Structures are given as C-alpha cells and as structure tokens.
Amino acid sequence: MPIKNGLQYKERLDRNRPDIRIAGQQVQGKVSEHAAFKGLMATQASMYDMQADESAKARMTFESPLSGERVGLSFLQPKTKKRPRRPKRNDAGLGLCP
C-alpha cells in the first residue's frame, strides 16, 4: 500500500466505519472527530503527513521491492533476529532511564 497523508488516513478510517464501542455504546459519526480518539488520530495523521512530506520522505519511507511504490517503514521486514534494545526502568521504578 503506497504512502498516504494524514487526511487520507482519517478519511479512510471514517469511510470504513469500524464498529467501536465505549462502555457498551457504539461510537456514532466520524471516529476521527470523536473526543476519545481525536487527539490520537491527530498525532497519527501528523506522522502520515511527515512520511508524505518531500523533505522527510527518504527517511520515513522506502521503495517496495514488490510494487516499486514508496511505502512506510512499518512495512520493512526485519532481516535478522536482533531486537531493538528495550528501555530500562530507573532504580525507583518511576520511569524510564534515558
């Protein structure tokens, strides 16, 4: 799937009308405008906007070997078993160490 911008991301979610329930009540209207999701969706949309921005596209995307289109890094398959280093908790257990 080729890259999309933030507006396309929100429109696609709203168009698909997922069955989302909060406290047993179905969310009505656009999910992207619901108070429970609006902030998160704005953050995610801004990340899609970054990958579509010409100045960041080379860092945020890669060319799919299957389609030749630019796709987001989340589609990049790992080539080794090495995992990213997990953050460590500080001694007091109150947060993460830098």
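Up top you'll find the structure we're talking about.
Residues numbered from 1 in each chain as written. Predicted model: local features only at pLDDT ≥ 70, side-chain atom pairs only at ≥ 80, totals over all residues. Heavy atoms only, no water.

Section: the overall build of the protein
Move 1: Summing up its helical and strand segments, the protein has 3 helices and 4 strands in all.
Move 2: Shown N-terminal to C-terminal, the secondary structure of the protein runs as helices and strands in the order α-β-β-α-α-β-β.
Move 3: Taking all 98 residues of the protein together, 17% fall into the buried category.
Move 4: Pairs at least 24 residues apart make up 33% of the contacts formed inside the protein by residues separated by at least 6 positions.
Move 5: As presented, the protein carries roughly 8300 Å² of accessible surface, and 54% of it is formed by carbon and sulfur atoms. (Helix = DSSP H or I, 4+ residues; strand = E, 2+ residues; numbered from the N terminus. Buried < 20%, exposed > 50% of the residue type's maximum accessible area, 1.4 Å probe, protein only. Contact = heavy atoms within 4.5 Å. Areas by Shrake-Rupley, 256 points an atom, 1.4 Å probe, with all protein chains shown as cover.)

Here's the deal with the pattern of salt bridges
Move 1: The tally for this structure, following the rule as stated, stands at 2 salt bridges.
Move 2: When the shortest N-O distance is used, the salt bridge between Asp 19 and Arg 21 registers 3.3 Å.
Move 3: Lys 57 is the partner of Glu 54 in a salt bridge, and the nearest nitrogen-oxygen pair spans 2.9 Å. (Salt bridge = Lys/Arg side-chain N within 4 Å of Asp/Glu carboxyl O.)

Things to note about unusual backbone geometry
Move 1: In this model, Arg 17 sits at a positive phi of 45 degrees, which is unusual for a non-glycine residue.
Move 2: Classification of Arg 17 by relative accessible area gives exposed; the value is 53%.
Move 3: Positive phi, close to 55 degrees, is recorded for Ala 23, a residue that is not glycine.
Move 4: Relative to the helices and strands, Ala 23 resides in the loop between strand E1 (21-22) and strand E2 (25-26).

Shape is all these values report; function is a separate question.
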